[in-house]
Amino acid sequence: MSDLTTPAAYTLEDFRGSRKRMRTEHLVRAVLFLAALLSIVISVLIVASLVGEAWTFVSQVEAASLWSDGWFPRRGIYDIKTLLTGTLIVTVIAMAVAMPLGLGAAIYLSEYAPAGVRKLLKPVLEILAGIPSVVLGFFALTFLSPVIVQRLSSEATQFNIAAAGIGVGILTIPLVASISEDAMRSVPAALREASYGLGARKITTTIRVVIPAAVSGLVAAFIVAVSRAIGETMVVFIAAGATGGSLFSTDPFKPGQTMTAAIASQAAGTDQVRGAGLTFQSLFFVALLLFAITLVLNVLAGRFVQRVRQAY
Amino acid sequence: MTDAPMVGSMPTSAPSRGGATVFDVHDVSVHYGDFRAVRDVSMQVKQHQITAFIGPSGCGKSTMLRCFNRMNDLIDTARVEGDISYHGVDLYDPAVNPVEVRRRIGMVFQKPNPFPKSIYDNVAYGPKVAGAKGNLDDVVEQALQGAALWDEVKDRLKESGMSLSGGQQQRLCIARAIATDPEVLLMDEPCSALDPIATGRIEDLMVEIKERYTIIIVTHNMQQAARVSDRTAFFTTEVSEESDRRTGLLVEFSDTDKIFTNPADERTENYVTGRFG
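This one's a predicted model, so the numbers in the text were calculated from it and none came from an experiment.

Our next topic: the overall build of chain B. If you tally the helices and strands in chain B, you get 10 helices and 10 strands. Against the compact-globule benchmark of 19 Å for 277 residues, chain B has a radius of gyration of 19 Å, which places it among compact chains. Here the C-alpha coordinates of chain B stretch approximately 60 × 40 × 35 Å along the principal axes. Considering chain B as a whole, with its 277 residues, one finds that 54% of them fall into the buried category. The long-range fraction of contacts in chain B, counting pairs at least 24 apart against all pairs at least 6 apart in sequence, stands at 69%. Accessible surface, chain B as shown: approximately 12100 Å² in total, 47% of it carbon and sulfur. Taking the average location of the 30 positive side-chain charges in chain B and that of its 40 negative ones, the two points are 4 Å from each other.

Residues and elements named next belong to chain A. Together, Arg19, Lys20, Arg21 and Arg23 make up a positively charged patch on the protein surface. Mapped onto the elements, arginine 21 comes out in helix 1 (residues 19-60). The exposure class of arginine 21 is exposed, given its relative accessible area of 67%.

Looking now at the domain arrangement of chain A. By a widely used convention, the size of an interface equals the accessible area lost when the partners come together. All names here are of chain A. Taken domain by domain, chain A comprises domain 1 (12-60) and domain 2 (64-311). Inter-centroid distance (C-alpha atoms) of domain 1 to domain 2 is 33 Å. At the junction of the two partners, domain 1 supplies 10 residues and domain 2 supplies 11 residues. When domain 1 packs against domain 2, the two sides together hide about 960 Å² of surface, and 89% of this comes from carbon and sulfur. Of all residues in domain 1, Leu50, Glu53 and Phe57 bury the most surface against domain 2, accounting for 63% of the area lost on that side. If you look at where domain 1 meets domain 2, you find 0 salt bridges. For the interface between domain 1 and domain 2, the tally reads 0 residue pairs in polar contact (both at pLDDT 80 or more). Across the side of domain 1 that touches domain 2, the residue classes tally to 6 nonpolar, 3 polar and 1 charged.

Next up on the list: the interface of chain B and chain A. The partner chain A presents 20 residues to the 23 residues of chain B that form the contact. With both chains or domains summed, chain B and chain A bury close to 1700 Å², and 64% of this area falls on carbon and sulfur atoms. When the buried surface of chain B facing chain A is broken down by residue, Phe115(B), Tyr125(B) and Val129(B) rank first, second and third, together holding 27% of it. In this assembly, chain B and chain A are joined by 1 salt bridge. Where Glu193(A) meets Arg66(B), a salt bridge forms, and the shortest distance between an N and an O atom there is 2.9 Å. Joining chain B to chain A, the criterion identifies 5 residue pairs in polar contact (both at pLDDT 80 or more). Only helix 2 (98-104), strand 6 (105-108), helix 3 (119-129) and helix 6 (166-178) of chain B provide two or more residues apiece to the side of chain B that touches chain A. With 4 residues, helix 3 of chain B is the single largest residue contributor to the side of chain B that touches chain A. A breakdown of the residues in the side of chain B that touches chain A according to their chemical character gives 12 nonpolar, 4 polar and 7 charged.

Right, let's get into the sheet that holds strand 8 (residues 214-218) of chain B. Residues and elements named next belong to chain B. If you trace the 10 strands from one edge of the open sheet to the other, you get 5-4-1-2-10-9-3-8-7-6, paired in mixed fashion. Strands at the two margins of the open sheet, each flanked by one partner only, are strand 5 (89-90) and strand 6. As paired elements, strand 7 (residues 184-188) and strand 8 share 5 bridges and run parallel to each other. Bridge pairing in strand 8 places aspartate 188 opposite valine 218. In this fold helix 6 packs onto strand 6 and strand 7, with an angle of close to 170° to the strand it touches most, strand 6. This element, helix 7 (residues 196-209), spans strand 3 (50-54), strand 7 and strand 8 of the sheet and lies at about 150° to strand 8.

On to a nonpolar patch on the surface. Residues and elements named next belong to chain A. Together, Tyr108, Tyr112, Val117, Leu121, Val124, Ile203 and Ile207 make up an exposed nonpolar region whose accessible area comes to about 570 Å². Secondary structure elements with two or more residues in the nonpolar patch: helix 2 (80-112), helix 3 (115-130) and helix 7 (202-213). Top element by residues in the nonpolar patch is helix 3. It accounts for 3 residues. Within the secondary structure, isoleucine 207 sits in helix 7.

To continue, consider unusual backbone geometry. All names here are of chain B. Even without glycine at this site, histidine 48 takes up a positive phi of about 55°. For aspartate 181, which is not a glycine, the phi torsion comes out positive at approximately 55°. Along the chain, aspartate 181 turns up in the loop between helix 6 and strand 7. Take aspartate 181: its relative accessible area is 55%, and that puts it in the exposed class.

Glancing now at the packing of helix 2 of chain A against helix 3 of chain A. Residue and element names in this part refer to chain A. Where helix 2 contacts helix 3, the axes come no closer than 10 Å and their chain directions differ by 155°. In terms of orientation, helix 2 lies roughly antiparallel with respect to helix 3. The interaxial crossing formed by helix 2 with helix 3 has left-handed handedness. Contact residues: Tyr108, Leu109 and Ser110 in helix 2; Val117, Arg118, Leu121, Lys122 and Leu125 in helix 3. Looking at the contact of helix 2 with helix 3 residue by residue, the classes come out as 5 nonpolar, 1 polar and 2 charged.

The next point concerns the sheet that holds strand 1 (residues 70-72) of chain A. All names here are of chain A. Across the sheet, 3 strands lie side by side as 2-1-3; this open sheet has antiparallel pairing. Bordering the open sheet on either side are strand 2 (77-78) and strand 3 (246-247), each of which pairs with just one other strand. Bridge count for strand 1 against strand 2 is 2 bridges, and the pairing is antiparallel. Pairing of tryptophan 71 across the sheet is with tyrosine 78, part of strand 2.

Conventions adopted
Residues numbered from 1 in each chain as written. Chains lettered and ligands numbered in written order. Predicted model: local features only at pLDDT ≥ 70, side-chain atom pairs only at ≥ 80, totals over all residues. Heavy atoms only, no water. Helix = DSSP H or I, 4+ residues; strand = E, 2+ residues; numbered from the N terminus. Rg over C-alpha atoms; globule rule 2.2 N^0.38 Å. Buried < 20%, exposed > 50% of the residue type's maximum accessible area, 1.4 Å probe, protein only. Contact = heavy atoms within 4.5 Å. Areas by Shrake-Rupley, 256 points an atom, 1.4 Å probe, with all protein chains shown as cover. Lys, Arg positive; Asp, Glu negative; His and termini not counted. Charge placed at Lys NZ, Arg CZ, Asp CG, Glu CD. Patch = residues over 30% accessible without salt bridge, like charges linked within 9 Å, V, L, I, M, F, W, Y side chains within 5 Å. Salt bridge = Lys/Arg side-chain N within 4 Å of Asp/Glu carboxyl O. Domains from an automatic or database assignment. Buried area = accessible area lost by both parts, 1.4 Å probe. Polar contact = N/O pair within 3.5 Å; in protein donor to acceptor, adjacent residues only side chain to side chain. Nonpolar A, V, L, I, M, F, W, Y, C, P; charged D, E, K, R; others polar. Pairing = 2+ DSSP bridges. Axes fitted to C-alpha atoms, helices over the stretch in contact; angles between N-to-C directions. Parallel < 35°, antiparallel > 145°, perpendicular 65-115°, else oblique. Left-handed = near helix turned anticlockwise from the far one by under 90°.

In structure tokens form, the structure reads like this:
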């Protein structure tokens, strides 16, 4: 191609390009594809490993032991409702903490805060999101429990579900705040202007225009937070007094077990899970249940997020 | 664009027909941060007239319009200097609540911006936030009729306002604005997103309702200003010497006929005859 003048006629060779570059291109493509494939394969393997052991559990367990009065896997008592109830109570308490505070923070950041304050506050919120959950677990046990929960109820024990729930709630505040704020900020400024132009005050505009317009995103924030709360392990493990077994209880001021803490307390610090024959397999069953619940919630949340994107 | 005339001392109103003075604007400048968007505007806006603001992009006509209902308050960095009084009340007195101002001075925006609510709820929104209780059916019907939209939507008031066509949406926004029974309507290029037929309907509507309201309209469309307005203000831009940024200023404010047939200022003439802008 040293000839710089226009050739009289092109040949196919002129358009073939560098073989070497093409090979590199194919190689890069293959490597990236493998990376993507690997993450899918790992997910499938995780589910497969859960399903295998969980199936062993389901097929061998006595049905009666699934509905008794407590979760004592080492003694062959696998009352799933004990764990579900514990998880539910923790989640409800966590949401009672996280939704008002997270939404309030989001409304402030999106609608009220001047630009400078927002710039300062958002990183602070992200720091809160970055606190390791084990730290929050200790905070729940040594601060929330004696200072707040045991003042609310004189009956409350040191380890209790309520403190764990509040701790999990604090953990999910940044999540709620950040998703909700995104949703509210994606509401077009033109709608706010329309509202102000009609003589609405800021609070009216927020409640009657911005929040309804962002509602799909707020629902998504709620679902993601619930999913996070259900899956949270460390805080409940430390603060709710997971001891490897617990009686069925609906009292938030008493120790309790969530699905995650039940698994962790059996599996902690040993390569063997001791107890009756199916103890080991029972954990996989609980894990599969947990996985199914959070999967459904995350898919649901994704739908709602999609809806926000479509609207504007 | 040297030696701009002293705008403040310009004969702002030829002996006016029309009614009382609604807005009395004196030496108003608007700044965004340290940027001066528009400077030294003085004018009087009369009741039951349509006043048009025309001029090239960036000349501050929309900025000026937003001073009349304190919409500029929503921008953190905006600062208004000078006096704007509304029926004798200083709109920028610290004691004035902008919410009260906006209840009397309604606004229609460039892009139709109905709420993602039903047609009915869109129109009822203003009266509701103003504290109206009880059945608003009559208010909604009257406003929709006032905006010449009633016949098209009376059978589907529960449908979303966003399901309407662009022209219908803009008339819905006008209905929404007049449902609060304002005294003034500020319209910021209300037809720029609409086709000529929808534009024609809105122009007819403006002429129809000016008996009840005072209207100020910002428009890029000179024919529109000529067709609908009684008085026209021509704004232009000048490049500031120190910062190289453009500042808007009012060149001429007069009867619309005069602006388009016999303007006093050469810059107005250049603009309206299409030699500039």
